[in-house]
Amino acid sequence: MSALAIVRAELFRLTRTRAGRIGLVVPALLGAGQVMVAELVATLRAARELAERGGDGGAAAIGGGAEVAAEPAFGPLADGLGGLGAMALVMIALLTGAFTLARERDQGSLPQWYLARSRAAVVVGKAAATCVYVVLAFLALFLATFAAAALGHDYSAIVEDGFEMASAAEQWHEVALAAGAGLPALLCCACFGVLVSAATPSVGAAAIGAIVPFTLLALFQSGLGAAADRLFITYAPFFSERSPLARLSKVARAFSDTHWEAGELLNAALVPGVEAIACIALAWLITRSREG
Amino acid sequence: MGLAPPAAAAGIELADVAKAWRGGAALQGVSLAVPAGTVVGLVGPSGAGKTTLMRIALGLLEPDRGSARVLGVSAAAIARHSGRVGLLLDGAALEPGLTVADNLALHALRHGRGRVDAGPLLERLGLRPLVGRRAGRLSQGEAIRVALARALLLEPAVLVLDEPVAHLDPALASTALDLCLEAARTRGAAVLVSSHQLAELQRVADRLVLLHRGKLLLDGEMAELLATIAPAVRVVARPAEAARAVLARRPEVRGVTVLRIDGVEALRVEIAAAGQAAALNAALHAAGVAVDAIAPERPTLEELFRRTLAAAGAGR
């Protein structure tokens, strides 16, 4: 396919620039950092509580720490995947998408792409490369969070009063479900950015055009009523409790009142998936009719 | 749309191309061809429509009227010739976060090529020491050289270069245009190059196109166009006023213009036919005028440019 060369070139560009590399590691650092800080806070709190009970001495405090660590790593892993790192990843997806065409237009290099492949191939190729970049950043976030959670916990079954609430395999399954259903919303953020990039005159306008409407809709999502169900923003891990990645935090801890609703994960995957394709199609239509 | 290129297709063909902006017409019925193996110099005052013409030739702009073809196919389908068209437009347009080497690698990847050996080009353009430097940290002249290397990297069959020697010192400007000339001579590339450095352009261009206010004022072989300038003799004599009076009376003299070059007053004497410098020298001596220098003047593109625009009422 002719867009493949564009995908390769765009990925080369994204991974060779300093900004591109920073974008890959920032969500991972934030995700891992969040897990480690939470771990530290929990350990300190447990130690203080033990100290306040008094009389048990240092050994008991250490025992208290062990009590905190008894929670399986899946909970902290889910916190990292759906927390600050994921929010940063949403912003990075939006901005990377928003810069794809607008930045080239600003620096005068867009004709270099149009001479290489058709406009459709350029739009599709750049959007696909941005999606691959987001997936790479998500993988980095996953690996960093996985490692950070493993520092103080084991990836083991949830056991309460000797009863196994959820095996490790079951929890891995939940993580995989959440990641699979949550990723399309992240990819749609990138594609929405590409659409804005095609429609705006400059990098600044593209950045504002991508972030401001997205943030406003995300913040006031509850006011959208049923329409929110049809909006990819609802499923993005950005101030949204309906994002599979954000919800994973409770699901992975096997809380009795938390489980995936019927069709919830399918919706979370399908709605952003369809809207991502629509964004790319619109971006292509705009680019085709735009001179330059 | 998408026709197979004919056997001897010109690199670039524009037929009756017109384009208007809100401020007025940018191009008015322009037709031109850039044949394979030819360097065509595109000149004109700023705002003449040179860049618009180039953008239409590359399919980046759609003309209001007329057609543009590249290597035999519609310019709108130029991507079919991926890697066969080299471009320098809108300045260097490099990726500022990438190094010089990576910028060239990105260009090759965009066109579906692997790593291409840019060594000889980098050497010629004096870019060897800069390969590891980020493009955002290059000077304007360095960036233009990298952009030129990028345009030439894949050995394209068509080269469209807008101001490729801007910001270059004379030696590098000469080298840059030599590379364009070599592309035309050795690989049969069709080269369309615009520049305000007329002396350099005169040296390399086979054909000349002069554009003014969106219209073609000149289009022809460089040598033929230069031959239309009346022969002239440059005279430095004392006293200059006396020399001017003597020369003005001579029947073979068509006109005398006073020039001031590096603080020295000189006369530019247009004559009816070449080879009359000796006769003029003798006449000046006979009138008691001291002649410091007298030499036939080579017709220049600058003179042609100036005269053509003056005749068109451009006043510049």
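Predicted model, so just to flag it, every value in this text is computed and none were measured. (Residues numbered from 1 in each chain as written. Chains lettered and ligands numbered in written order. Predicted model: local features only at pLDDT ≥ 70, side-chain atom pairs only at ≥ 80, totals over all residues. Heavy atoms only, no water.)

### Comments concerning the environment of B:Ala266
Residue and element names in this part refer to chain B.
Reasoning step 1: Mapped onto the fold, Ala-266 is located in strand β13 (residues 264–271).
Reasoning step 2: For the pair Ala-266 and Gly-59, spaced 207 residues apart in the sequence, the C-alpha separation amounts to 48 Å.
Reasoning step 3: Residues within four places of Ala-266 in sequence aside, it is in contact with Arg-234, Val-235, Val-236, Thr-257, Val-258 and Leu-259. (Helix = DSSP H or I, 4+ residues; strand = E, 2+ residues; numbered from the N terminus. Contact = heavy atoms within 4.5 Å.)

### Focus on the side chain of A:Thr100
Reasoning step 1: Among the structural elements, A:Thr100 can be located in helix α5 (residues 84–107).
Reasoning step 2: Taking the relative accessible area as the measure of exposure, A:Thr100 reaches 0% and is therefore buried. (Buried < 20%, exposed > 50% of the residue type's maximum accessible area, 1.4 Å probe, protein only.)

### Comments concerning the pairing of strand β9 (residues 207–212) of chain B
All names here are of chain B.
Reasoning step 1: The buried fraction of β9 amounts to 6 of the 6 residues, a majority that puts the element mostly inside the structure.
Reasoning step 2: Here β9 shows two buried faces, one formed by Arg-207, Val-209 and Leu-211 and the other by Leu-208, Leu-210 and His-212.
Reasoning step 3: The sheet contact formed by β9 and strand β10 (residues 215–221) spans 6 bridges and is antiparallel. The residue of β10 that forms the bridge with Val-209 is Asp-219.
Reasoning step 4: In this structure, the hairpin formed by β9 and β10 is closed by a connection of 2 residues, where Arg-213 is found at a positive phi of approximately 50°. (Pairing = 2+ DSSP bridges.)

### Describing the sheet that holds β10(B)
Residue and element names in this part refer to chain B.
Reasoning step 1: Overall, mixed pairing links the 6 strands, which are arranged β6-β7-β8-β3-β9-β10 in an open sheet. Only two strands of the sheet have a single partner each, and these edge strands are β6 (85–88) and β10. Going from strand to strand, the sheet's axes swing by 10° on average, the running direction of each strand aside.
Reasoning step 2: Sheet analysis places strand β3 (residues 39–43) next to strand β8 (residues 190–194), joined by 4 bridges and oriented parallel. When the sheet's bridge partners are listed, Val-39 is paired in β8 with Val-191. (Axes fitted to C-alpha atoms, helices over the stretch in contact; angles between N-to-C directions.)

### Thoughts on the interface of chain B and chain A
A common way to report how large an interface is uses the accessible area buried once the components associate.
Reasoning step 1: Contact residues are listed per partner, giving 32 residues for chain B and 25 residues for chain A.
Reasoning step 2: With both sides pooled, the region where chain B packs onto chain A buries about 2,400 Å², and carbon together with sulfur makes up 57% of that total.
Reasoning step 3: By the criterion of area lost to chain A, the three top residues of chain B are B:Leu60, B:Leu109 and B:Arg110, representing 27% of everything that side buries.
Reasoning step 4: Taken together, the connections running from chain B to chain A amount to 3 salt bridges.
Reasoning step 5: Our count for the contact surface shared by chain B and chain A stands at 6 residue pairs in polar contact (both at pLDDT 80 or more).
Reasoning step 6: Only β1 (12–21), β6 and α2 (100–110) of chain B provide two or more residues apiece to the side of chain B that touches chain A.
Reasoning step 7: Ranked by residue count, the leading element in the side of chain B that touches chain A is α2(B), at 6 residues.
Reasoning step 8: Here the side of chain B that touches chain A is built from residues that sort into 16 nonpolar, 6 polar and 10 charged. (Buried area = accessible area lost by both parts, 1.4 Å probe. Salt bridge = Lys/Arg side-chain N within 4 Å of Asp/Glu carboxyl O. Polar contact = N/O pair within 3.5 Å; in protein donor to acceptor, adjacent residues only side chain to side chain. Nonpolar A, V, L, I, M, F, W, Y, C, P; charged D, E, K, R; others polar.)

### A closer look at the pattern of salt bridges
All names here are of chain B.
Reasoning step 1: Applying the stated criterion across every chain, the model contains 34 salt bridges over all chains.
Reasoning step 2: Salt-bridge contacts for Arg-203 lead to Asp-178; the nearest nitrogen and oxygen are separated by 2.8 Å. Separated by 25 residues along the polypeptide, Arg-203 in helix α6 (residues 198–204) and Asp-178 in helix α5 (residues 170–187) bring together distant segments of the chain.
Reasoning step 3: The partly exposed category is assigned to Arg-203, whose relative accessible area is 40%.
Reasoning step 4: As a salt-bridge pair, Glu-303 and Arg-307 come within 2.7 Å of each other at their nearest N and O atoms. Here the residue Glu-303 and the residue Arg-307 both occupy positions in helix α10 (residues 301–311), the gap between them amounting to 4 residues, near one helical turn.
Reasoning step 5: A single salt-bridge network, built from bridges that share partners, covers Arg-234, Arg-268, Glu-270, Glu-297, Glu-303, Arg-306 and Arg-307.

### A closer look at the packing of aromatic side chains
Residues and elements named next belong to chain A.
Reasoning step 1: One pass over the full model with this rule turns up 10 aromatic pairs over all chains.
Reasoning step 2: Between the aromatic rings of Phe-192 and Phe-232, the centroid separation amounts to 5.7 Å while the plane-to-plane angle is 50°, which identifies the pairing as tilted. With Phe-192 in helix α8 (residues 168–199) and Phe-232 in the loop between α9 (203–219) and α10 (244–251), this residue pair connects regions lying 40 residues apart in the sequence. The same class applies to Phe-192 as to Phe-232, namely buried.
Reasoning step 3: Grouped by ring-pair contacts, the aromatic residues Phe-74, Phe-142, Phe-146, Tyr-155 and Trp-172 constitute a single cluster.
Reasoning step 4: The ring of Trp-113 has Lys-126 sitting right over it, with the charged end atom 4.0 Å from the ring centre.
Reasoning step 5: In this structure, Arg-288 is placed above the aromatic ring of Trp-284, and the distance from its NZ or CZ to the ring centre is 4.9 Å. (Phe/Tyr/Trp six-rings, centres within 6.5 Å; stacked < 30°, edge-to-face > 60°. Lys NZ or Arg CZ within 6 Å of the ring centre and 35° of its normal.)

### Some details on the domain arrangement of chain B
Reasoning step 1: Taken as a whole, chain B is organised into domain 1 (12–226) and domain 2 (232–298).
Reasoning step 2: Taking only C-alpha atoms, the centre of domain 1 of chain B and the centre of domain 2 of chain B are 41 Å apart. (Domains from an automatic or database assignment.)

### Description of the sheet that holds strand β11 (residues 232–238) of chain B
Residue and element names in this part refer to chain B.
Reasoning step 1: Strand order across the open sheet formed by 4 strands is β12-β13-β11-β14, with antiparallel pairing between neighbours. The open sheet is flanked by β12 (253–261) and β14 (290–297), the only strands paired with a single partner. Each neighbouring strand pair of the sheet contributes to a mean axis angle of 25°, computed without reference to strand direction.
Reasoning step 2: Its contacts with the sheet place helix α8 (residues 240–249) against β11, β12 and β13, and it is angled at close to 5° to β13.

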